[in-house]
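Spelled out, the chains give:
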Amino acid sequence: TSPSLWTIEKNLFFLLKNSVEVILKSKYIRKPWLLSYDQYGTVQLEYLILYVNGVFIAEDFEISSVVLPKMSAIITICDDKFPKIEKTDSLEKISW
């Protein structure tokens, strides 16, 4: 799953700081899902690419260069959505 819009917005400057800017190839024009798949191996990050680049719909994805956050930065911001879970092997009962 991809980061929520709130998580992306909250960490936008972190994502931009940990990004690379590349020239958008013609095969990706109006196809952010294809860029997401080729760059990250999933189409789920299509909306992250659009949002980080200030594009709101795929039909407007015709920019000359595109900012692509590094996967390590995306994983880092996902900690906001999926906090680390501690083992609960020692849990014996729950007090209600």
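Above this note sits the structure.
Described below are features of the structure shown in this document. (Residues numbered from 1 in each chain as written. Predicted model: local features only at pLDDT ≥ 70, side-chain atom pairs only at ≥ 80, totals over all residues. Heavy atoms only, no water.)

Moving on: the overall build of the chain. Along its length, the chain carries five helices and two strands. Ordering the α and β elements of the chain from the N terminus gives α-α-β-α-α-β-α. Taken over 96 residues, the chain has a buried fraction of 34%. Of all intrachain contacts in the chain linking residues separated by at least 6 positions in sequence, the fraction that spans at least 24 positions is 69%. Only carbon and sulfur atoms are counted for the fraction: they give 56% of the accessible area of the chain, which is about 7,000 Å². (Helix = DSSP H or I, 4+ residues; strand = E, 2+ residues; numbered from the N terminus. Buried < 20%, exposed > 50% of the residue type's maximum accessible area, 1.4 Å probe, protein only. Contact = heavy atoms within 4.5 Å. Areas by Shrake-Rupley, 256 points an atom, 1.4 Å probe, with all protein chains shown as cover.)

This brings us to the environment of Pro-3. Relative to the helices and strands, Pro-3 resides in the segment before helix H1 (5-10). The spacing of Pro-3 and Tyr-47 is 44 residues in sequence and 9.4 Å in space, taken between C-alpha atoms.

Take the nonpolar core next. Within the largest apolar cluster, 22 residues are counted, with the highest numbers of intra-cluster contacts made by Leu-15, Leu-35, Ile-49, Phe-61, Val-66 and Ile-74. Of all elements in the fold, only helix H2 (12-17), helix H3 (32-40), helix H4 (46-52), strand E2 (65-69) and helix H5 (71-81) reach the threshold of two or more residues within this core. Setting aside its immediate chain neighbours within four residues, Ile-49 contacts Pro-32, Leu-35, Ser-36, Tyr-40, Phe-61, Val-66 and Leu-68. (Core = buried A, V, L, I, M, F, W, Y, C linked by side-chain atoms within 4.5 Å.)

Inspection of the entire model under this criterion finds two salt bridges. Residue Lys-27 is joined to Asp-38 by a salt bridge in which the shortest nitrogen-to-oxygen separation is 3.6 Å. Placement of Lys-27 in the loop between strand E1 (19-23) and H3 and of Asp-38 in helix H3 is noted, with a sequence separation of 11 residues between them. Salt-bridge contacts for Arg-30 lead to Glu-62; the nearest nitrogen and oxygen are separated by 2.1 Å. Remark: Glu-62 occurs in the loop between H4 and E2 and Arg-30 occurs in the loop between E1 and H3; sequence separation between them is 32 residues. The exposure class assigned to Arg-30 is partly exposed, which follows from its relative accessible area of 44%. (Salt bridge = Lys/Arg side-chain N within 4 Å of Asp/Glu carboxyl O.)

Read these as geometric descriptors, not functional statements.
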